[in-house]
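Structural characterization, general
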Amino acid sequence: MPEPRVEVRKTYKLFIAGAFPRSESGRSYVVNAADGTFLANVAWASRKDARDAVVAARAALAGWSAATAYNRGQVLYRVAELLEDRRGQFVDAVRESEGVTARTASAQVSAAIDRWVWYAGWTDKLAQVAGSTNPVAGPYFNFSVPEPTGVIAVVAPTDSTLLGLVSVVAPAVAAANTVVVLADEHRPLPAVTLAEVLATSDVPAGVINLLTGPIEELAPVLASHRDVDGIDLAGAAGDLAGPLEAAGATNIKRISRPALPGHDWSRDPGTSRLLRFVEIKTVWHPIGT
Amino acid sequence: MTTPTVPTPEHTAFEYAPAPESRAVLSLQPSYGLFIGGAFVDPLDGGTFKTVSPSSEEVLAEVTQAGPRDVDAAVASARAAFDGPWGRMPGRERSKYLFRIARLIQERSRELAVVETLDNGKPIRESRDVDVPLAAAHFFYYAGWADKLDHAGFGPSPRPLGVAGQVIPWNFPLLMAAWKLAPALATGNTCVLKPAETTPLSALVLADILQQAELPPGVVNILTGDGSTGASLVSHEGIDKVAFTGSTEVGRRIAESVAGTHKRLTLELGGKAANIVFADAPIDQAVEGIVNGIFFNQGHVCCAGSRLLVEESVAETVVEMLKRRLATLRLGDPMDKNTDIGAINSKEQLDRIIALVNAGVSEGADRWSPACTLPERGWWFPPTVFTDVSPSHRIAREEIFGPVLSVLTFRTPEEAVAKANNTTYGLSAGVWTEKGSRILAMADQLRAGVVWANTFNRFDPTSPFGGFKESGFGREGGRHGLGAYLDA
């Protein structure tokens, strides 16, 4: 009788600039399953890791926002293809992390993939829906277009490890922003696995960066960082949100306030998150012969 | 390419006989209460202050310093109107009130222009031709939206936010009141408006207009006062929305104060706009645009073109032509219809301008102003041009909010973009070139909320206005302007 096979475990690391570094601090923390069993030692990101992630997101912004909307749509759709391909893995990850049934986890993963597809299709429609030509009283062709806000910090929801995460990350990048995501502190594994999908898709390095670690330690670094243009506080619960919003005033950050407790992430998202981190630019072009 | 010829410099301004606008059309009261619940009332917290004409230091009227209990009363009045008649009123009825207000502003346009010029110090030509007509147009534009909100792209039956606290600056007092009130009312909100300390009068005339329009009591409340009144208003627990136009410094404090509350916020803050002139630009037109960009309203314009970026090959010509043009500007009595440059709005603002101009000189930039006699009374500053400016100079980085232009040069479009975007602000930018494709390429790369091509400082109620970066967020004007007051 052969010995039972010993499973090869995965190391869960940060995702910065398309690479998977450990925290430069050398720290990690224990993540358990919903039932309390050990799952992994996850990288405990430091302030320096957070700053590195912002540098990566800033560096990726010019290329990502200059790519054609059609190209961005295809890149994001490719992510959905890979998610579908690895859905079994995500169902397991969500089931373990959230302690839900396989059926519930499966429904969550399906909704997350469908949500990614929904936002992938928005890249080349956003300007048509959010832009306008404006009938000014004068010889000008006056038009308004949505442009990305820039580098967005995202505090991921803590009540939905994959669907919630996709629901806040995908609209920001579909609108041509680049992001630094703070994963759900206590249940980050589906997020890290998503990062592994991103790394093997066509999303350029630095467009989406993922940090794991204590939100109370990392979120203030991003909220007060002067090279972060906006912050989505979706997962900043209770007393944490106010100080983060106040810190964001340093450089007049665009703020998306926390999702209401009990928010149903499976609900039709509409366009509100897509429009949250865009800047409307209006151009007066002369008309004449 | 032809280089424009520069006429000899012994050019002088034409002589004109004085052509003062009459003040007869305006009947100011010696003192004003607060406009709460549809009537002028005495304050609960007491306190008055005088508003003076910056061009003569003449006291125009005494107005009330609203205190915290007055803010309570105004917010309660706005809440009652929101929960009452205004909140229940169908959009088509709200719409007609806004049309009435637009018409009343048109009917009383001369009176409004006179009061604005007296209280603010801006030339009557500007208040008559820009501020007042645009204010009327803004109400007229948003009036038509009130019953069409289902079609505005914010989902079916978008809801108003509730009570809006609105704090406005002194540079375009009536126009900023219109920018705040018109979209808020069209979307079904009620308002408490705080005009600037130094320019309360046109808002008080507007209150009279609201009475003539028979706008239901409490829908708009107007509180005069200083910064402390504004601070009590924006931090009041009874409001649902804060809209502020003013400095980035104050905007930052307001953003901190609404953090962690349910209040929505839009901010229209400072700027340090680049006005970029390429060698192929229509130079005569560009010089007019540069003048309009920075000397319009004495440079008291958040989107002013305060940094001139001119392509090196034409820099000398442009600066020479600019100086020649500035020599013809007429500075003086704002009530004179021929005046181009009026008074600086306050002593405080004049001191700020002087401090920054002195910093420009001490940091090594080259200062120039046309020969120009400043009136003895009032607060004045001559049109000023700095050359030899480096991007690190304070005059190239900080908002001066006065008639002071910093000239820098560039060699390539890439350098122009890099220099233009090298600022924490992002409100506006200008591009001057005959090449349409270049206009669009530059507009694409400039990080600014408004890009004017072959024009500058042009406004329209249909055209969204607002900043990128530390110039604020939210838009005023156009369909987008509705979003600032809807729960969407």
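Chains are numbered independently. Their residues run from 1 in the order of the written sequence. Each chain gets a letter, beginning with A, and each ligand a number, beginning with 1, in the order they are written. The predicted nature of this model means local features are confined to residues of pLDDT at least 70 and side-chain atom pairs, given and counted, to a pLDDT of 80 or more, with totals for whole chains, interfaces and linings taken over all residues.

Some points on the packing of helix α6 (residues 173-186) of chain B against helix α7 (residues 201-212) of chain B
Two measures define how a pair of helices packs: the angle their axes make with one another and the distance between the axes. Residue and element names in this part refer to chain B. Running from N to C, α6 and α7 cross one another at 55 degrees; their axes reach a closest spacing of 8 Å. For the element pair α6 / α7, the angle class is oblique. Remark: the crossing between α6 and α7 carries right-handed chirality. Together, P173, L174 and A177 of α6 and S202, A203 and L206 of α7 make up the contact between the two elements. The residue classification treats Ala, Val, Leu, Ile, Met, Phe, Trp, Tyr, Cys and Pro as nonpolar and Asp, Glu, Lys and Arg as charged. All others, Gly included, are polar. Of the residues assigned to the contact of α6 with α7, the class counts are five nonpolar, one polar and no charged. Axis angles are defined between N-to-C directions and span 0 to 180 degrees, where every axis is a line fitted to C-alpha atoms and, for a helix, only to the segment in contact. Going along the chain from the N terminus, every DSSP run of H or I of four or more residues is numbered as a helix, and every run of E of two or more is numbered as a strand. Orientation categories follow fixed angle ranges, with anything under 35 degrees roughly parallel, anything over 145 roughly antiparallel, 65 to 115 roughly perpendicular, and all other angles oblique. In this scheme, a crossing is called left-handed if the near helix is turned counterclockwise away from the far one by less than a right angle; it is called right-handed if the turn is clockwise. Here the contact rule is simple: place C-beta atoms from the backbone, and any two residues whose C-beta atoms are within 7 Å are in contact.

Quick notes on the environment of R87 of chain A
Residue and element names in this part refer to chain A. Mapped onto the elements, R87 comes out in helix α3 (residues 87-98). Along the chain, R87 and R267 lie 180 residues apart, while their C-alpha atoms are 21 Å from each other. Those residues within four positions of R87 in sequence are excluded, and the remaining contacts are V109 and I113.

Some thoughts on the domain arrangement of chain B
Residue and element names in this part refer to chain B. What the domain assignment lists for chain B is domain 1 (34-269 + 468-487) and domain 2 (274-453). The element that contributes the greatest number of residues to the side of domain 1 that touches domain 2 is helix α5 (residues 124-143), accounting for three residues. Grouping the constituent residues of the side of domain 1 that touches domain 2 by class yields five nonpolar, eight polar and seven charged. Domain delimitation follows an automatic or database domain assignment.

Things to note about the interface of chain A and chain B
With 27 residues of chain A in contact, the opposing surface of chain B contributes 35 residues. When contributions to the side of chain A that touches chain B are tallied by element, the ones reaching two or more residues are β3 (132-134), β4 (140-148), α9 (241-248) and β10 (278-286) of chain A. The biggest single contributor to the side of chain A that touches chain B is β10 of chain A, with eight residues. In this description, strands pair whenever DSSP reports at least two bridges between them. Pairing of β10 of chain A with strand β17 (residues 450-453) of chain B involves three bridges; the strand directions are parallel. Across the sheet, V283 of chain A pairs through a bridge with V451 of chain B, a residue of β17 of chain B.

Quick word on the sheet that holds strand β15 (residues 404-410) of chain B
Each strand in a sheet pairs with another by means of backbone hydrogen bonds, the pair being arranged parallel or else antiparallel. A sheet is described by the order of its strands in space; here 10 strands give the open sequence β3(A)-β4(A)-β10(A)-β17(B)-β16(B)-β11(B)-β12(B)-β15(B)-β14(B)-β13(B), paired in mixed fashion. Of all the strands in the sheet, the pair left with one neighbour each is β3 of chain A together with β13 (366-368) of chain B. Across the sheet, the mean angle from the axis of one strand to that of its neighbour is 20 degrees, orientation sign disregarded. In the sheet, β4 of chain A pairs with β10 of chain A via nine bridges, with the strands oriented antiparallel.

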